[in-house]
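Below are the chains, spelled out letter by letter.
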Amino acid sequence: MNLDHAWATLNGVPDPEVPVLSVVDLGIVRELAVNGDDDVTVTLTPTYSGCPATEVIQESVVQALMQAGARGVTVTTRLDPAWTTDWINPAAAEKLRAYGIAPPHLKAAEAQPLRFHPKDIACPRCASTNTQRLSAFGSTACKALYRCLDCLEPFEHFKPI
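Predicted model only: the values in this text are computed from it and were never measured.

Student: Got a sec to walk through the overall build of the chain? Specific residues and values, please.
Tutor: A tally of regular secondary structure across the chain gives three helices and seven strands. N-terminal to C-terminal, the α/β element order of the chain is α-β-β-α-β-α-β-β-β-β. Projected onto its principal axes, the C-alpha positions of the chain cover 55 × 30 × 30 Å. When each of the 161 residues of the chain is scored for burial, the buried share is 39%. Sequence separation of 24 or more characterises 51% of the internal contacts of the chain that already satisfy a separation of 6 or more. For the chain, the accessible surface area stands at approximately 8600 Å², while carbon and sulfur atoms represent 52% of it. Positive and negative side-chain charges in the chain, numbering 13 and 18 respectively, have mean positions lying 9 Å apart.

Student: I'd like to hear about the sheet that holds strand 5 (residues 131–135), residue by residue, with values.
Tutor: Pairing is mixed across the open sheet formed by four strands, whose spatial order is 4-7-6-5. What marks the edges here is a single partner per strand, and that holds for strand 4 (101–102) and strand 5. Pairing of strand 5 with strand 6 (residues 143–148), which is carried by four bridges, proceeds in the antiparallel orientation. Among the inter-strand pairings, Arg133 is bridged to a residue of strand 6, identified as Tyr146.

Student: Which residues make up helix 2 (residues 54–67), and what values go with them?
Tutor: Helix length check: helix 2 (14 residues) gives 20 Å between terminal C-alpha atoms against 20 Å at 1.5 Å per residue, within 8%. Buried within helix 2 we find Thr54, Ile57, Val61, Ala64 and Leu65. Each buried residue of helix 2 lies within a common arc of 95° when the element is viewed along its axis, so the set occupies one face. Turned more than 90 degrees from where helix 2 packs its buried face, Glu55, Glu59 and Gln67 sit exposed. Where helix 2 is buried, its residues contact helix 1 (3–10), strand 2 (39–44) and strand 3 (72–77).

Student: So what's going on with the packing of helix 1 against helix 2? Residues and values would help.
Tutor: Two elements in contact, helix 1 and helix 2, have axes separated by 9 Å at closest approach and are oriented at 130°. Judged by the inter-axis angle, helix 1 sits oblique to helix 2. Crossing handedness for the pair helix 1 and helix 2: right-handed. Each of Ala6, Thr9 and Leu10 in helix 1 lies in contact with helix 2, whose residues at this interface are Val61, Ala64 and Leu65. Tallied by class, residues from the contact of helix 1 with helix 2 come to five nonpolar, one polar and no charged.

Analysis parameters
Residues numbered from 1 in each chain as written. Predicted model: local features only at pLDDT ≥ 70, side-chain atom pairs only at ≥ 80, totals over all residues. Heavy atoms only, no water. Helix = DSSP H or I, 4+ residues; strand = E, 2+ residues; numbered from the N terminus. Buried < 20%, exposed > 50% of the residue type's maximum accessible area, 1.4 Å probe, protein only. Contact = heavy atoms within 4.5 Å. Areas by Shrake-Rupley, 256 points an atom, 1.4 Å probe, with all protein chains shown as cover. Lys, Arg positive; Asp, Glu negative; His and termini not counted. Charge placed at Lys NZ, Arg CZ, Asp CG, Glu CD. Pairing = 2+ DSSP bridges. Expected span 1.5 Å × (residues − 1). Arc of directions from axis to C-beta. Axes fitted to C-alpha atoms, helices over the stretch in contact; angles between N-to-C directions. Parallel < 35°, antiparallel > 145°, perpendicular 65-115°, else oblique. Left-handed = near helix turned anticlockwise from the far one by under 90°. Nonpolar A, V, L, I, M, F, W, Y, C, P; charged D, E, K, R; others polar.

This is the structure in structure tokens:
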């Protein structure tokens, strides 16, 4: 197994909470190494330290790599630096939008203040920014629940972290 094959394999491992994204899309795969004996070492940073999906993700990573030909897999968790939504790649943000979840604002070219209750969350269905936060938490702690006041559809927003 070479490094490119290992990355391609992990790009096919879905996040258990947002299955339209892979663990690579989310940016939680921080390091990946393959030695000459086909042993793979993966470093993961969970989206937050108490993420209930961490163990499922680790097991999914090991299983996928073993099925792809790795002889052994070692997974380590790194909490520092903490995961940030800036690690979500731009293509993943579009996948979120298509899935019905408003993506976080991706890192801008210049520094911007962090707002935990942003005013310009666009509805992933109709693109209106005439939206209202209903709850600080959605189906998981990393998402907030919103409603579009134009099309009246509820949706989740991936909070900036």
